[in-house]
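# Coordinates in review
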Amino acid sequence: ISGATHSPSSFSFLSHFQAIEYTVHLIRFLAVTACLYQMKCWIIITIVPCTFLFQLNHALVVPQQTTRKRTFFGSSNLFDTTNGAIETKTDEEIRKGSRQERINHANNKRPVKNQAEYGKALELPGTYVRCGSCKAHFALAPDDLGVKGKGRRLECSLCGNRWFQSKDRVNALRDGMELVPFPQSDMDRIELNKKEGKDPGFLGDVKLYVGNVAFECTEEQLYKEFSNVGSVGDVALAFDNATGRPKGFAFIVMRTKEDAENACKLLNEADVAGRNIKVHYANY
């Protein structure tokens, strides 16, 4: 995401075992109801269906959906630009370094400690920082900001934004959240924004509402479908906050009005993941 987005993992109302449980409850309900009807125990007949419905509702409960944070990890995409951040090197060491290392040294920049190893040699931290310009997230632990001092001055390699990151302002993952790799589509969008002179965090001009979305449909599937008719800035599936179940609709941001018009004309009533989706302009 540029911020947070919800997991598009597959979903079904009943698993195989839940379907069996549902059938057993139904058989019990019909059998008991038939017996009680013969006995004309109307009060008990009223209680039994309520008990059955409670058990069925319990069987349908789905674990809380995981919220994914699209985050950079396992690569050096965040630089430490604090004065004195670069260790003293001899002219020979500087000359033997790569071209990018020489440029970084000249600009007093170096990759932030441990970032390139997260998700590889090092386990992902439960914390991250966020660029205020392009809204990209970076896996980072407070200790990566140095032992001394309150923090470090950082630079985002995507948009070039610089900011001071204090240790006490590092964001912690809340329950139900996880770090996932930053998608190439978002990196391409930020790079395109820079070339066009737009704000790095720009998503698009028009937001579309997409209804009748299959519960099994993912954000990646929607992105692929809409990318075939225009440039997509962002895709966000809607989930119920209480149960984590998909609500069956999504919001998609198209970069231009022309892209949005094409999406409405070509994808409205199109079959996506087994359902004919509804596409029209979102109500602001």
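Structural notes, computed from the coordinates. (Residues numbered from 1 in each chain as written. Predicted model: local features only at pLDDT ≥ 70, side-chain atom pairs only at ≥ 80, totals over all residues. Heavy atoms only, no water.)

Moving on, we come to helix α5 (residues 184–195). In this model, α5 (12 residues) spans 17 Å end to end at C-alpha, consistent with the 16 Å of a helix rising 1.5 Å per residue. Three or more residues of α5 are buried, namely D186, R189, I190 and N193. Seen from one end, α5 has its buried residues packed into an arc of 95°, which puts them on one side. Just downstream of α5 lies G197, where phi reads positive at about 75°. (Helix = DSSP H or I, 4+ residues; strand = E, 2+ residues; numbered from the N terminus. Expected span 1.5 Å × (residues − 1). Buried < 20%, exposed > 50% of the residue type's maximum accessible area, 1.4 Å probe, protein only. Arc of directions from axis to C-beta.)

With 24 residues, the main nonpolar core has L208, V210, L222, F226, I252, M254 and V279 as its most contacted residues. Once you skip the residues sitting within four places of it in the chain, V279 turns out to touch L208, Y209, V210, F226, A263, C264, L267 and N268. Of all hydrophobic cores here, the second largest spans 17 residues; its members include V129, L154, C156 and I190. (Core = buried A, V, L, I, M, F, W, Y, C linked by side-chain atoms within 4.5 Å. Contact = heavy atoms within 4.5 Å.)

Turning our attention to the pattern of salt bridges. Going through the model one piece at a time under the given rule, you end up with six salt bridges. Across the pair E191 and K194 runs a salt bridge, and its minimum N-O distance is 3.9 Å. Of the two residues, E191 and K194 are both situated in helix α5; the distance of three residues between them amounts to about one turn of the helix. Accessibility expressed as a relative area gives 36% for E191, which makes it partly exposed. (Salt bridge = Lys/Arg side-chain N within 4 Å of Asp/Glu carboxyl O.)

Time to look at unusual backbone geometry. The phi angle at K135 is positive, at roughly 70°, despite the residue not being glycine. Structurally, K135 is set in the loop between β5 (127–130) and β6 (137–139). Relative accessible area serves as the criterion here: at 25%, K135 is assigned to the partly exposed category. Located in the positive-phi region is A273, a residue other than glycine, with phi close to 55°. Checked against the element boundaries, A273 lands in the loop between β14 (271–272) and β15 (275–276).

Moving on to helix α6 (residues 219–227). Where α6 is concerned, the buried positions are E219, L222 and F226. All buried residues of α6 project into a common sector of 65° when viewed along the axis, lining one side.

As a further point, take the sheet that holds strand β16 (residues 278–281). The antiparallel open sheet is built from four strands, whose spatial order is β12-β13-β11-β16. Strands with a single pairing partner mark the edges of an open sheet, and in this sheet they are β12 (232–239) and β16. Strand after strand, the sheet turns through a mean of 25° between neighbouring axes, direction not considered. Across five bridges, strand β11 (residues 206–211) lies against strand β13 (residues 246–254) in antiparallel orientation. Residue L208 lies in a different strand from β13, and its bridge partner there is I252. Across the sheet, helix α7 (residues 257–267) lies against β11, β13 and β16, angled at about 150° from β16, the strand it touches most. (Pairing = 2+ DSSP bridges. Axes fitted to C-alpha atoms, helices over the stretch in contact; angles between N-to-C directions.)

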